Amino acid sequence: MAMDIETWKTGSGRDPVATFIRKLSDPEHEQVLHALDDLKALGTYLYLREDGILRKMSDIPGVSELRIKTVRGPIRIFLVFKTGKAVLIEAIYKKSQKTPSKTIKLIKYRAKEVYL
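Our subject in this report is the structure included herewith.

What counts and what doesn't
- Residues numbered from 1 in each chain as written.
- Predicted model: local features only at pLDDT ≥ 70, side-chain atom pairs only at ≥ 80, totals over all residues.
- Heavy atoms only, no water.
- Helix = DSSP H or I, 4+ residues; strand = E, 2+ residues; numbered from the N terminus.
- Buried < 20%, exposed > 50% of the residue type's maximum accessible area, 1.4 Å probe, protein only.
- Pairing = 2+ DSSP bridges.
- Axes fitted to C-alpha atoms, helices over the stretch in contact; angles between N-to-C directions.
- Contact = heavy atoms within 4.5 Å.
- Core = buried A, V, L, I, M, F, W, Y, C linked by side-chain atoms within 4.5 Å.

**What about unusual backbone geometry?**
Backbone geometry at Thr83 places phi at a positive 45°, although glycine is not the residue there. On the secondary structure map, Thr83 appears in the loop between strand S4 (74-82) and strand S5 (85-93). Exposure remark for Thr83: the relative accessible area of 78% places this residue in the exposed category.

**A few points about the sheet that holds strand S1 (residues 4-7)**
Here five strands make up an open sheet; going across it, the order is S1-S5-S4-S3-S2 and the pairing mixed. The sheet is open, and its two borders are formed by S1 and strand S2 (54-56), each paired with just one other strand. Neighbour-to-neighbour, the strand axes of the sheet open up by a mean angle of 35°, direction not taken into account. Strand contacts of helix H2 (residues 26-42): S1, S2, strand S3 (63-69), S4 and S5, with the helix running at about 135° to S3, the strand carrying the most contacts. Those strands touched by helix H3 (residues 101-115) are S3, S4 and S5, and its axis lies near 165° from that of S5.

**Looking at the pairing of S3**
Buried residues dominate S3, accounting for five of its seven residues. Sheet analysis places S2 next to S3, joined by three bridges and oriented antiparallel. Following the sheet pairing, Lys56 is matched in S3 by Ser64. The loop that links S2 with its antiparallel partner S3 comprises six residues; one of these, Gly62, has a positive phi angle of about 85°. Note: S3 against S4, seven bridges, orientation antiparallel. Within the sheet, the bridge partner assigned to Arg67 lies in S4 and is Arg76. In textbook terms, the turn of a hairpin is the stretch between consecutive antiparallel strands, and for S3 and S4 this stretch comprises four residues, one of which, Gly73, has a positive phi near 140°.

**Overview of the nonpolar core**
Counting residues in each nonpolar core, the largest one holds 22 residues, and the members touching the most others are Leu39, Leu66 and Ile77. Of all elements in the fold, only helix H1 (16-22), H2, S3, S4 and S5 reach the threshold of two or more residues within this core. With residues up to four places along the chain from it excluded, the contact list for Ile77 reads Ile21, Val32, Leu36, Ser64, Glu65, Leu66, Ile68, Leu88, Glu90 and Ala91. Core analysis: the next-biggest nonpolar cluster, separate from the first, contains 13 residues, Phe78, Val80, Ile107 and Val114 among them.

Spelled out as structure tokens, the structure:
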């Protein structure tokens, strides 16, 4: 079950997730691409993996996070599923236990925009 992957873009065409991924070091870039390959190949079946690489966000309905361990630290890619595809809406380095409220607001806004 191959799944298409897209990234959310601003009205002017800016692509913040692709920009984040491009700026990663080579080892991190490789780890992220490996996780995205898994997402493309397995889709929502990734929820079933014991390593918890894909989890639903409890405080934002409809949004999931791809949890990637890298050499520099954990990376989170937030995404929504829409009609057989995954739309990547934000990517951050996870620096604390709780996702910052500014990031939560941004994710909610972008998720709502994807579903329109």
